[in-house]
Structures are given as structure tokens and as C-alpha cells.
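Commentary on secondary and tertiary structure
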Amino acid sequence: MNRTTLDSARKKNPSRADCESAIKRILVTEVLTKGRNQQFKTASDFMPYFESLYPAGAALTKQVQRAIKAMELPRDSRGYLIVNKTEEQLEEEKDLSFLLKKTHALIPDLTECEPLLLKTDPQDADYILKHILKCISLKDKYETVFATSNGILFYTKNKNQLQIFLDSLMEEKA
């Protein structure tokens, strides 16, 4: 391209699709570098980028505004645009967040836990699991327990103690 062609290409405003693509790239970069968007709320926040490539003016601002509106990007609680989620996903996360807070959920450290599989017939696992969950003697012997395709899997910090207790329950009484 010669100089005149470059100047005329630079002066033409971007299409809405070009604006959408650039906005998405900017937001994805922001999320990848900072973990979340902490800078972009409105079209004016994107204007320095677009004005570095295209002549500033009302037409460029309108085009960027149209692109943002057409993208239908949800906003977080502080009003920042979210590029990688839909409104539906945000609603689901909001509901889940409410439930987790309401139930005082927490993430325990299971790095010290060891698995212990109690092998049972798969069709019996759910029934046995219900009784395990009710068993007061077992409450402090495992961190979590669930039915699997071939039995019941415990994660415990006291594998030997749990195994001894389960073995005692399975011994034949004379």
C-alpha cells in the first residue's frame, strides 16, 4: 500500500464487527492479565484504544457504543463488563454464591486424607451409605464418603482407625 492508501484506511471508522472483535480482545486480555475486568465499564473506557487507530469523533464513539450494546455483555456487581460469561451464568453463580454463604460452606484441606474403598455390590452402596451417614461411631473417622460404581469410598485422615472399625463391623460374631 502507498501512503495515500494507508492514510485513507486509517481515517475510515471500523465496522461494528471490527469493534466487537477488538472489544472482546481487550476484555479477554484484561481478564488474563488481572484476573477480572477492573477498567472497562462504558464505551468511553475503550476510546483511547480506538482513537489510537481511527480518527476521534462522534461517529467512532457511536460505533463503539453500538458494538458494546450488540454484544449484550453482562456486568458484574460493580458495573464492569464481563466478557467470558452470559447473563444466565451470572444468575446461576449469584444463586450458588447465596447458597454457599447461607450454608456456611467451606473448602477443607484434604491433602492429608487417604482414600479407603469399602467394596460392596453397587446396588447396595446407596443403602449402606445412608446407614454410614447416620452412624454416630463413624462421624469422626472420615472427612467425606460417597457411593461409587463398586462400593463406598471414604477419604480419611485416620485410614488405619477407619479400617479397623469397618473390619470389626464385618467380622463374624460368635
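Okay, so let's go over this structure. (Residues numbered from 1 in each chain as written. Predicted model: local features only at pLDDT ≥ 70, side-chain atom pairs only at ≥ 80, totals over all residues. Heavy atoms only, no water.)

**Focus on unusual backbone geometry**
As a reminder, the rule being used: The buried label applies to any residue whose accessible area, calculated with a 1.4 Å probe on protein chains only, is under 20% of its type's maximum; exposed applies above 50%, and partly exposed to all values in between.
For Glu72, which is not a glycine, the phi torsion comes out positive at approximately 50°. For Glu72, a relative accessible area of 67% gives the class exposed. Of note in this structure, His104 is not a glycine but carries a positive phi near 55°. In this structure His104 comes out as exposed when scored by relative accessible area, which is 67%.

**Focus on the environment of Asp45**
For clarity, the threshold we go by: Secondary structure elements follow DSSP: runs of H or I no shorter than four residues count as helices, runs of E no shorter than two count as strands, and numbering proceeds from the N terminus. In what follows, a contact means two residues having at least one pair of non-hydrogen atoms within 4.5 Å. Polar contacts here mean pairs of N or O atoms no more than 3.5 Å apart (in protein, one a potential hydrogen donor and the other a potential acceptor; neighbouring residues in sequence count only if both atoms are side-chain atoms).
Counting through the fold element by element, Asp45 comes out in helix α3 (residues 43-53). Here Asp45 falls in the partly exposed class, since its relative accessible area comes to 28%. In this structure the C-alpha to C-alpha distance between Asp45 and Leu96, which are 51 residues apart in sequence, comes to 31 Å. If we skip the residues at most four places from it in the chain, Asp45 touches Gln39 and Phe40. Reaching out from Asp45, the side chain makes a polar contact with the backbone nitrogen of Thr42 at a distance of 3.0 Å.

**Overview of the pairing of strand β3 (residues 151-156)**
How we decide: Only when DSSP finds a minimum of two bridges between them are two strands counted as paired.
Counting buried residues along β3, five of its six residues qualify, which places the element largely inside the surrounding structure. Bridge analysis of strand β1 (residues 114-119) against β3 gives six bridges, and the strand direction is antiparallel. Counterpart to Leu116 in the pairing with β3 is Phe154. The pairing of strand β2 (residues 144-148) with β3 spans five bridges and is antiparallel.

**Considering the pattern of salt bridges**
Inclusion rule: A pairing counts as a salt bridge when a side-chain nitrogen of Lys or Arg comes within 4 Å of a carboxyl oxygen of Asp or Glu.
Considering all chains together, one arrives at five salt bridges under this definition. A salt bridge links Asp76 to Arg78, with the nearest nitrogen and oxygen atoms 3.0 Å apart. Taking relative accessible area as the criterion, Asp76 reaches 21% and is therefore assigned partly exposed. A relative accessible area of 34% means that Arg78 is categorised as partly exposed.

**Topic: the packing of aromatic side chains**
Aromatic ring pairs are defined here through the distance separating the ring centres and the angle between the ring planes. Applicable threshold: Think of it this way: a Phe, Tyr or Trp ring, Trp meaning its six-membered ring, pairs with another when their centres are within 6.5 Å, and the plane angle makes it stacked under 30 degrees, edge-to-face over 60, tilted otherwise. For a lysine, the NZ atom is tested; for an arginine, the CZ atom; a charge sits over a ring if that atom is within 6 Å of the ring centre and within 35 degrees of the ring normal.
Counted under the stated rule, the structure contains four aromatic pairs. Aromatic pair Phe40 and Phe46: ring centres 4.5 Å apart, planes at 20°, arrangement stacked. Residue Phe40 is classed as buried on the basis of its relative accessible area, which comes to 6%. The class for Phe46 is buried, based on a relative accessible area of 1%. Ring centres of Phe146 and Tyr155 lie 6.4 Å apart, and the angle between their planes is 20°; this geometry places the pair in the stacked category. For Tyr155, a relative accessible area of 29% translates into the label partly exposed. Across from the ring centre of Tyr80, 4.7 Å away, lies the NZ or CZ of Lys41, which sits over that ring.

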